[in-house]
Amino acid sequence: MRKFAFVFAAIAAWMTLSSFTIHLMGDSTMAEKDIAKAGAERGWGMMFPNFLDNEVTVINYAKNGRSTKSFIDSGLWDEVYAAVKPGDYVFIQFGHNDAKADDPDRYAPAYGAYQDNLRMFVDKVREKGGTPVLLTPVARRWFKQATLDRYCHTEYPAAMEAVASEKGVTLLDITTPTLDWIEGLGDGDSRAHFMISTGKDDNTHTVASGARKVAEIVCGCIREQLPEIATHLVYYDIVVSADGHGDYLTVQEAVNAIPDYSHAEITKVLIRKGIYKEQVSIPHTKFRVHFKGEDAENTVITFDKYAKQLWPGRDFEVGTSGSASIYIHASYITFEDITFENSSGEGREIGQAVAVFTDGDFLFFKGCRFLGNQDTLYTYGRYGKFGGIKRNYFLDCYIEGTTDFIFGTSIAYFEGCTIHSKKNSYVTAASTIEGQKYGYVFKNCRLTADKGIDKVYLGRPWGAYAKTVFIDCELGAHIVPEGWHDWDKEGKPDTKTNSYYAEYGNHGPGASGPRVSWSHALSAAQAEEYSFDKVMYQEQDGIKWNPYDNR
């Protein structure tokens with residue numbers, strides 16, 4: 001028992017050390033901004049969490065106009081002190097406002113009250129079992145006759161350094177590298193990163209690009225001086241945040257900023273939690289991109305176009321293909337932990353309404369959600385009709401809809417997915433290209449339905465040569481015994497002869513037959529031909545696709 005108690009204690013200690021909070025104390029250069037009021041202004045503390053993994057929580061107490069003195073007098077210090085727990089870090093960055101000698105509410109002389117306040121912060125944080133870290137202030141963009149004023153913070157950085165030395169505290173020198181950055185850009189180019197670029201006479205506060213750069217500088221110092229935090233650093237080339245905590249407010253803005261024709265590098269894009277109501281289009285020039293949502297449930301790209309809707313100012317309908325919330329024309333694109341939704345609703349006046357339209361090759365969706373009604377997921381793959389290959393991989397995804405809600409011509413592999421029917425209708429409507437060996441493959445998926453839904457077909461052939469296979473899937477009681485529908489209609493070649501529908505190893509109440517006579521029951525050997533590698537490998541290009549290094 002003593003041995004187990006030791007092990008449990010060790011695990012508890014490890015958990016405590018592996019997850020912790022960083023409390024930020026500072027002024028406007030670090031602070032949160034209400035973007036409705038602040039416009040383009042951003043504090044670097046808004047960007048800082050983008051560079052840390054999920055084991056680290058960041059709480060930003062910084063406020064505009066605060067000095068060490070006014071931070072204490074306003075009660076903010078009391079909030080920080082009450083919140084600090086053993087193992088936490090407190091980043092302390094002041095100096096801009098302490099130097100304002102004409103303001104008695106904020107002034108704290110560098111070698112007087114400023115140092116005394118810093119000493120108090122350090123001692124009290126340690127008293128709570130936390131680790132204080134001192135950061136010298138962010139440089140001002142003060143140019144005089146094309147020369148940067150490198151003494152813009154007078155004695156305050158040196159005064160802080162003296163306290164750090166006296167107290168044995170880690171000092172992150174942010175002043176020097178931010179001065180070097182501004183000086184390296186020069187008076188002209190550095191303007192773009194500060195509020196002066198918006199027409200304001202403001203060379204102190206940064207816009208999003210400047211705040212990101214300062215956060216990167218802070219992380220560079222952490223990497224060199226705080227290895228226990230450095231292990232939690234992450235990096236994204238672009239961050240989208242609807243509330244201003246990223247480089248862009250919309251997904252489309254981020255797409256536009258992705259380099260064209262990036263043949264070697266994968267651009268990493270983080271999409272923060274939020275509802276992004278916008279129609280997104282990823283052109284074919286923006287390949288090799290990894291879009292990572294912060295949280296699939298709460299990172300939502302949604303739009304409400306639908307097939308029956310008229311184009312603005314025109315007298316014709318949008319149509320199925322014009323209704324998508326997101327168009328993916330590029331190849332080698334990964335989406336992870338994102339919800340895609342068409343929110344237009346359902347009914348005759350709506351018709352088809354696509355959430356995702358895929359027209360690229362090597363598209364990988366991991367842990368994503370696809371929400372809609374009729375025609376939710378359109379694996380378009382149009383250029384496949386002219387010989388091109390379009391391959392899509394859906395891993396651990398949730399896909400819902402009413403009628404034909406997974407449809408199209410692309411080769412698509414669904415693994416570990418939940419496929420949810422909201423209406424008595426059809427799950428799939430493949431239109432596989434004639435002569436193509438594979439169409440849709442569902443492996444280890446779970447088919448579910450809304451309450452009361454009891455007559456759903458696994459699929460019907462939109463195109464006469466449709467191919468759809470279910471292997472080792474759990475089929476709910478809503479799946480009809482016959483399994484498949486022939487969708488036989490005038491002008492379409494004999495679907496019973498030309499389409500290929502098959503199953504192997506399925507279980508659950510919907511797996512029992514009898515199935516229609518023109519579907520197939522695979523043997524074990526035949527089922528092995530539907531592995532991921534075999535389905536995705538095409539002799540005409542000879543590419544062995546690794547979706548986890550999707551380049």
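Only a predicted model underlies this, so the values are computations on that prediction, with no experimental measurement involved. (Residues numbered from 1 in each chain as written. Predicted model: local features only at pLDDT ≥ 70, side-chain atom pairs only at ≥ 80, totals over all residues. Heavy atoms only, no water.)

1. Observations regarding the overall build of the protein chain
Phase 1: Summing up its helical and strand segments, the protein chain has 14 helices and 33 strands in all.
Phase 2: Principal axes of the C-alpha set define a box for the protein chain whose edges measure 90 × 75 × 45 Å.
Phase 3: A buried classification covers 55% of the 551 residues belonging to the protein chain.
Phase 4: A separation of at least 24 residues holds for 72% of the contacts in the protein chain among residues at least 6 apart in sequence.
Phase 5: Surface accessibility of the protein chain: about 23,700 Å² in total, with carbon and sulfur atoms responsible for 50%.
Phase 6: Averaging the positions of the 58 positive and the 73 negative side-chain charges in the protein chain gives two centres separated by 2 Å. (Helix = DSSP H or I, 4+ residues; strand = E, 2+ residues; numbered from the N terminus. Buried < 20%, exposed > 50% of the residue type's maximum accessible area, 1.4 Å probe, protein only. Contact = heavy atoms within 4.5 Å. Areas by Shrake-Rupley, 256 points an atom, 1.4 Å probe, with all protein chains shown as cover. Lys, Arg positive; Asp, Glu negative; His and termini not counted. Charge placed at Lys NZ, Arg CZ, Asp CG, Glu CD.)

2. Side note on the packing of aromatic side chains
Phase 1: A full pass over the atoms with the stated rule returns 45 aromatic pairs.
Phase 2: Ring geometry for Phe 335 and Phe 365: centres 5.0 Å apart, planes at 10°, overall stacked. Residue Phe 335 is located in strand β15 (residues 333–336), and its partner Phe 365 is located in strand β18 (residues 363–366); the two are separated by 30 residues in the primary sequence. Per residue, the accessibility class of Phe 335 equals that of Phe 365, and both read buried.
Phase 3: A cation sits over an aromatic face here: Arg 460 above Tyr 426, 3.9 Å from the ring centre.
Phase 4: Here the basic side chain of Arg 460 rests over the ring of Trp 487, its NZ or CZ set 3.7 Å away from the ring centre. (Phe/Tyr/Trp six-rings, centres within 6.5 Å; stacked < 30°, edge-to-face > 60°. Lys NZ or Arg CZ within 6 Å of the ring centre and 35° of its normal.)

3. Some thoughts on the nonpolar core
Phase 1: In terms of nonpolar packing, the biggest core is built from 56 residues, with Phe 291, Phe 335, Phe 340, Phe 365, Phe 370, Ile 406 and Phe 414 touching the most fellow members.
Phase 2: Counting residues per element, this core draws most heavily on helix α11 (residues 251–257), at three residues.
Phase 3: With residues up to four places along the chain from it excluded, the contact list for Ile 406 reads Leu 377, Ile 399, Phe 414, Ile 419, Val 427, Thr 428, Ala 429, Tyr 440 and Phe 442.
Phase 4: Ranked by size, the runner-up nonpolar core spans 41 residues in total, among them Val 133, Ile 217, Cys 221 and Leu 233. (Core = buried A, V, L, I, M, F, W, Y, C linked by side-chain atoms within 4.5 Å.)

4. Some words on the sheet that holds strand β3 (residues 89–93)
Phase 1: Taken in spatial order, the five strands of this open sheet run β2-β1-β3-β4-β7, and their pairing is parallel. Pairing within the sheet leaves two strands with one partner each, and these edge strands are β2 (56–60) and β7 (170–172). Neighbour to neighbour, the strand axes of the sheet diverge by 25° on average, direction disregarded.
Phase 2: Relative to strand β4 (residues 131–135), β3 is paired through four bridges, and the arrangement is parallel. The residue of β4 that forms the bridge with Ile 92 is Leu 134.
Phase 3: Those strands touched by helix α6 (residues 110–127) are β1 (20–26), β3 and β4, and its axis lies near 155° from that of β4. (Pairing = 2+ DSSP bridges. Axes fitted to C-alpha atoms, helices over the stretch in contact; angles between N-to-C directions.)

5. Observations concerning the pairing of strand β24 (residues 411–415)
Phase 1: With respect to burial, β24 is a largely interior element, four of its five residues being buried.
Phase 2: Strand direction decides the pairing type here: strand β21 (residues 391–395) and β24, joined by five bridges, are parallel. Residue pairing across strands places Phe 394 opposite Phe 414, the latter belonging to β24.
Phase 3: Relative to strand β27 (residues 440–443), β24 runs parallel, the two sharing four bridges. Each residue of the ladder has a partner; that of Ala 412, found in β27, is Tyr 440.

6. Observations regarding the environment of Gly 293
Phase 1: Along the polypeptide, Gly 293 turns up in strand β12 (residues 289–293).
Phase 2: Take Gly 293: its relative accessible area is 0%, and that puts it in the buried class.
Phase 3: Distance in space between the C-alpha atoms of Gly 293 and Leu 270 is 5.9 Å, their sequence separation being 23 residues.
Phase 4: Not counting chain neighbours up to four residues away, the residues in contact with Gly 293 comprise Ile 271, Thr 299, Glu 336, Asp 337 and Ile 338.

7. Some details on unusual backbone geometry
Phase 1: Look at the link from Gly 513 to Pro 514: it is a cis peptide, with omega at 5°.
Phase 2: At Gln 145, a residue that is not glycine, the phi angle is positive and equals roughly 55°.
Phase 3: Mapped onto the secondary structure, Gln 145 falls in the loop between β5 (143–144) and β6 (147–148).
Phase 4: We classify Gln 145 as exposed; its relative accessible area is 81%.
Phase 5: Positioned with a positive phi, Asp 337 is a non-glycine residue whose angle comes to about 55°.
Phase 6: Here Asp 337 shows up in the loop between β15 and β16 (339–342).

8. So, the pattern of salt bridges
Two side chains that carry opposite charge are able to pair once their charged atoms sit near each other.
Phase 1: By the definition in use, this model includes 30 salt bridges.
Phase 2: The partner of Asp 149 in a salt bridge is Lys 144, and the shortest N-O contact between them spans 3.7 Å.
Phase 3: The residue Glu 297 makes a salt bridge to Arg 369 at a minimum N-O spacing of 3.7 Å. Of this pair, Glu 297 sits in the loop between β12 and β13 (299–303) while Arg 369 sits in strand β19 (residues 369–371), placing them 72 residues apart in sequence. (Salt bridge = Lys/Arg side-chain N within 4 Å of Asp/Glu carboxyl O.)

9. Details of the layout of surface pockets
Phase 1: Within this model, the largest pocket holds a volume of roughly 450 Å³.
Phase 2: As for the largest pocket, its lining consists of 20 residues, of which Pro 49, Leu 52, Asn 54, Arg 272 and Glu 294 are closest to the centre.
Phase 3: For the lining of the largest pocket, the secondary-structure elements that each account for two or more residues are β2 and β12.
Phase 4: Its residues placed into classes, the lining of the largest pocket shows eight nonpolar, six polar and six charged.
Phase 5: Put simply, the parts of the chain that give the lining of the second largest pocket at least two residues each are β12, β15 and β18.
Phase 6: The residue makeup of the lining of the second largest pocket, split by class, is five nonpolar, three polar and five charged. (1 Å grid on protein atoms, 1.4 Å probe; cavity = no way out; pocket = protein on both sides within 12 Å on 5 of 7 lines; lining within 4 Å. Points joined across faces, edges and corners; volume = space filled by probe spheres on them. Nonpolar A, V, L, I, M, F, W, Y, C, P; charged D, E, K, R; others polar.)

10. Things to note about helix α9 (residues 208–225)
Phase 1: Taking 1.5 Å of rise per residue, the 18 residues of α9 would be expected to cover 26 Å, and the 26 Å separating its terminal C-alpha atoms lies within 8% of that figure.
Phase 2: Listed as buried for α9 are Ala 208, Gly 210, Ala 211, Arg 212, Val 214, Ala 215, Ile 217, Val 218, Cys 219, Cys 221 and Ile 222. (Expected span 1.5 Å × (residues − 1).)

11. So, the sheet that holds strand β10 (residues 274–277)
Phase 1: Taken together, the eight strands give an open sheet; going across it, the order is β10-β13-β16-β19-β22-β25-β28-β31, and neighbouring strands pair in parallel fashion. Edge strands, defined here as strands with exactly one partner in the open sheet, are β10 and β31 (474–475).
Phase 2: Of the pairings in the sheet, the one linking β10 to β13 comprises four bridges and is parallel in character. Bridge pairing in β13 places Gly 274 opposite Thr 299.

By themselves, these are just geometric observations and shouldn't be taken as functional.
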